[in-house]
Amino acid sequence: MHNPLQITFLGTGTSSGVPMIACGCEVCTSPDPKDNRLRTSVMVQTANTSIVIDTTPDFRYQMLREHVKKLDAVVFTHPHKDHVAGLDDIRAFNFFQHCAVDVFANELTIQALKREFAYIFAEKKYPGIPDINVVQIQDTPFQIGDIKVIPFTVMHMNMPVLGFRIGDFTYVTDANYIGETEKDLIKGSKVLVLNALRKEKHISHYTLEEAIALSDELHIPETYFTHLSHQMGKHYEVSMTLPPGKHLAFDGLKIEL
């Protein structure tokens, strides 16, 4: 039996965010706050434990907006910049929590972190830089406080990306292929978060139609689509066309499980 979970969507936009810089399309100029999308990330919390999946370029603002005072760990899906670029800002949690923050990632992502944040891993450390404990994710479940995380691998064109099942909740971003073994692991989830970049075909992301079909195939009661591009269309208009149990996620949305 899992502790009750609260899922907070910190960001639901693709790598450029929405609005996209210099774009004047109807989505990027929409007055609806649900059409404003920071880069994709979620926070998973129990009464005792708080983890963030991916530290986006918007991580600092996401933490401030949600008034986050405690962070037990960061879990990374893959090394693309829109998912790791905000790592430096965990140093605020180091300062107030008086300890290192655990960072869970696969080998590919660990190597990218060492390249992009070399100063964090340097032998001679400058005062005030982030203090992290890096834990390599293997093919086995791991525990963060009272949250049990089951990792599995999906494909983002040619890049392996980690998805995570936490109790009745499954999170998959940046994917366009999920194998049968991994599908079996997702089945039985009450809530699935799945990337759906846009309506048109894409080389490394599910389309909205593909994401809906996958949710139907897996018989998931409630599916929330994330990592959305401005090409998807306006939140309100697209939401009106979705089948029951299918939703466009939006920044700040909270789900209780």
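Reading the values: the criteria
Residues numbered from 1 in each chain as written. Predicted model: local features only at pLDDT ≥ 70, side-chain atom pairs only at ≥ 80, totals over all residues. Heavy atoms only, no water. Helix = DSSP H or I, 4+ residues; strand = E, 2+ residues; numbered from the N terminus. Rg over C-alpha atoms; globule rule 2.2 N^0.38 Å. Buried < 20%, exposed > 50% of the residue type's maximum accessible area, 1.4 Å probe, protein only. Contact = heavy atoms within 4.5 Å. Areas by Shrake-Rupley, 256 points an atom, 1.4 Å probe, with all protein chains shown as cover. Lys, Arg positive; Asp, Glu negative; His and termini not counted. Charge placed at Lys NZ, Arg CZ, Asp CG, Glu CD. Pairing = 2+ DSSP bridges. Axes fitted to C-alpha atoms, helices over the stretch in contact; angles between N-to-C directions. Phe/Tyr/Trp six-rings, centres within 6.5 Å; stacked < 30°, edge-to-face > 60°. Lys NZ or Arg CZ within 6 Å of the ring centre and 35° of its normal. Arc of directions from axis to C-beta. 1 Å grid on protein atoms, 1.4 Å probe; cavity = no way out; pocket = protein on both sides within 12 Å on 5 of 7 lines; lining within 4 Å. Points joined across faces, edges and corners; volume = space filled by probe spheres on them. Nonpolar A, V, L, I, M, F, W, Y, C, P; charged D, E, K, R; others polar.

Student: Even after reading the chapter, I still don't get the overall build of the protein, so can you show me in this structure?
Tutor: The number of helices and strands found in the protein is eight helices and 14 strands. Computed over the C-alpha atoms, the radius of gyration of the protein is 18 Å, within 12% of the 18 Å expected from 2.2 N^0.38 for a compact globule of 257 residues. Taking the principal axes of the C-alpha coordinates as reference, the protein spans close to 55 × 45 × 35 Å. Sorting the 257 residues of the protein into buried and exposed places 54% on the buried side. The long-range fraction of contacts in the protein, counting pairs at least 24 apart against all pairs at least 6 apart in sequence, stands at 64%. Accessible surface, the protein as shown: approximately 11900 Å² in total, 55% of it carbon and sulfur. Charge-centre separation for the protein: the mean point of 24 positive side chains lies 3 Å from the mean point of 31 negative side chains.

Student: Explain the sheet that holds strand β14 (residues 254–256) to me, please; I cannot follow it from the model alone.
Tutor: As a general point, the strands of a sheet are linked pairwise by backbone hydrogen bonds and lie either parallel or antiparallel. Across the sheet, seven strands lie side by side as β6-β5-β4-β3-β2-β1-β14; this open sheet has mixed pairing. The sheet terminates laterally at β6 (132–136) and β14, the two strands that pair on one side only. Averaged over neighbouring strand pairs, the angle between their axes works out to 20° when direction is ignored. Summarising the sheet, strand β1 (residues 6–11) and strand β2 (residues 41–45) pair through five bridges and their orientation is antiparallel. Each residue of the ladder has a partner; that of Q6, found in β2, is Q45. Strands β5 (101–105) and β6 of the sheet are contacted by helix α4 (residues 107–116), whose axis makes an angle of about 125° with β5.

Student: Help me understand the packing of aromatic side chains in this model?
Tutor: Aromatic ring pairs are described here by two measures, namely the spacing of the ring centres and the angle between the planes. Evaluated as defined, the whole model comprises five aromatic pairs. Seen from their ring centres, F104 and F142 are 4.8 Å apart, and the 10° between their planes marks the pair as stacked. Taken together, the positions of F104 in strand β5 and F142 in strand β7 (residues 142–144) put the pair 38 residues apart, joining distant regions of the chain. This pair shows no difference in class: F104 is buried, exactly as F142 is. Against the face of F250 rests K34, its NZ or CZ located 4.4 Å from the ring centre.

Student: In this structure, what is going on with unusual backbone geometry? I would like to understand it.
Tutor: Glycine aside, residues mostly have negative phi angles, and peptide bonds mostly take the trans form. At the junction of V18 and P19, the peptide bond is cis and its omega measures out at 5° in the coordinates. Along the chain, the position of P19 falls in the loop between β1 and β2. Positive phi values are uncommon outside glycine, yet D54 reaches one of about 80°. With respect to the secondary-structure elements, D54 resides in the loop between β3 (50–53) and α1 (59–65). A residue is classified by how much of its surface remains accessible, and D54, at 0% relative accessible area, is buried. Although it is not a glycine, H98 adopts a positive phi angle of roughly 60°. Tracing the sequence through the fold places H98 in the loop between α3 (91–97) and β5.

Student: Whenever I open this one, the pairing of β1 confuses me. Can you help?
Tutor: Sheet faces and side chains relate simply in a regular strand, where the side chains alternate between the two faces. Among the six residues that make up β1, five are buried, leaving the element largely enclosed by the rest of the structure. With three bridges connecting them, β1 and β14 associate as antiparallel partners. Along β14, the bridge assignment pairs T8 with K254.

Student: Looking at this structure, I do not really get α4. What am I missing?
Tutor: Since the α-helix advances by 3.6 residues per turn, residues separated by three or four positions end up pointing in the same direction. Looking at α4, one finds that the buried residues are T109, I110, A112 and L113. Projected onto a plane normal to the axis of α4, the buried residues spread over an arc of 160° and lie on a single side. Taken together, the buried residues of α4 touch α2 (81–84), β5, α5 (118–121) and β6.

Student: Is there a simple way to explain the layout of surface pockets in this structure?
Tutor: Think of a ball as big as a water molecule: rolled over the atoms, this probe shows where empty space is left. Its boundaries defined by the atoms lining it, the largest pocket holds a volume of some 270 Å³. Considering the residues around the largest pocket, the lining is formed by F59, R60, M63, L64, H67, V68, K69, D89, A92, F93 and F96. Elements represented by at least two residues in the lining of the largest pocket include exactly α1 and α3. A total of four residues in the lining of the largest pocket trace back to one element, the largest contributor, which is α1. Among the residues making up the lining of the largest pocket, the classes are represented as seven nonpolar, one polar and three charged.

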